[in-house]
Amino acid sequence: MSNCNLRVMYPGKECMVEQDKEYFDLVTEDGRQRIRLHEYDRVYDVPGLYEEVVYNKLKCDSPKVITDLLAKSLKKHGDRQAPLRVLDFGAGNGIVGECLKQAIEPETIVGVDIIEEAKKAVQRDRPDIYDDYYVMDLCEADEGDKQKLGRWDFNALITVAALGFGDIPTSAFVNAFNLLKNNSWVVFNIKDRFFSKDDETGYNQILQQMISNSLKVVKKHHYCHRLSIAGESLYYYAIVGRKENDF
Ligand SMILES: C[S@@+](CC[C@H](N)C(=O)[O-])C[C@H]1O[C@@H](n2cnc3c(N)ncnc32)[C@H](O)[C@@H]1O
């Protein structure tokens, strides 16, 4: 999904700010509007805008990198033929779901995001990717939410570009992890700083504990997630693992 008719203007080096503060200008016949990259509701509302900025301009390759790593791990561990029922958590407008279908053809893919605009964008741009898509806050999942998700019997969780920066908090990630049965695949990426002693989000501590007690990492890959708007490479870790038990 791309839209060549979009006019987007990017700032230069003055935009050397944290990722969640980055912005660009969208120029339409109504004038010029400034949008922060993390204002997902506004970005998803414009068909093709997320793809134009994040994938074309900023060269993000994470959905492909991560789904390819999962495919390779499945092959290596002899699980290639096992039917995968995947929860795509922080699914956004569906690019990860699309890449998953290409890389591994799962039996089921269900998306969850916290904003309605993400679901609307999926229905508009990628209506055939997900078996279902829920707008929910897994920080506060009630029994009804847990039942809705539980009936899918997930054996894989994928989360791309959605941990930290005020997106998915640690408690919601842990709740998603605990929806999985033991031996499920767990695949995510996270900014390298948030998975180091310099972390200020709480993710490093949770992930270290998870890896000690509940998650066996089979692959840890350091790579360039995308460019910043100022043109610098932004490095993330991609993690592929298997759940050993609830956290
Ligand atoms: C950078 S986008 C990534 C979207 C998609 N995973 C991709 O790689 O194209 C981050 C997504 O996380 C979602 N998000 C933020 N906080 C969330 C939460 N607490 N629960 C679920 N989704 C959340 C946002 O709405 C947004 O769609």
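Presented here is a report on the structure given in the accompanying data block. (Residues numbered from 1 in each chain as written. Predicted model: local features only at pLDDT ≥ 70, side-chain atom pairs only at ≥ 80, totals over all residues. Heavy atoms only, no water.)

As a further point, take the sheet that holds strand β3 (residues 31–36). Taken together, the three strands give an open sheet; going across it, the order is β1-β2-β3, and neighbouring strands pair in antiparallel fashion. On the outer flanks of this sheet lie β1 (7–9) and β3, each paired with one strand and no other. Averaged over all adjacent pairs, the angle separating strand axes in this sheet is 30°, with direction ignored. Where β1 meets strand β2 (residues 23–28), three bridges bridge the pair, whose relative direction is antiparallel. Considered in β2, the bridge of Arg-7 is made with Val-27. (Pairing = 2+ DSSP bridges. Helix = DSSP H or I, 4+ residues; strand = E, 2+ residues; numbered from the N terminus. Axes fitted to C-alpha atoms, helices over the stretch in contact; angles between N-to-C directions.)

Okay, unusual backbone geometry next. Positive phi outside glycine occurs at Glu-105, with the angle close to 45°. For Phe-165, which is not glycine, the phi dihedral falls at a positive 55°. For Phe-165, a relative accessible area of 13% gives the class buried. (Buried < 20%, exposed > 50% of the residue type's maximum accessible area, 1.4 Å probe, protein only.)

Tallying each qualifying case throughout the model produces zero disulfides. Cys-99 forms no disulfide, and the closest cysteine sulfur to it belongs to Cys-60, at a distance of 9.5 Å. Assessed through its relative accessible area of 15%, Cys-99 is described here as buried. (Disulfide = S-S within 2.5 Å.)

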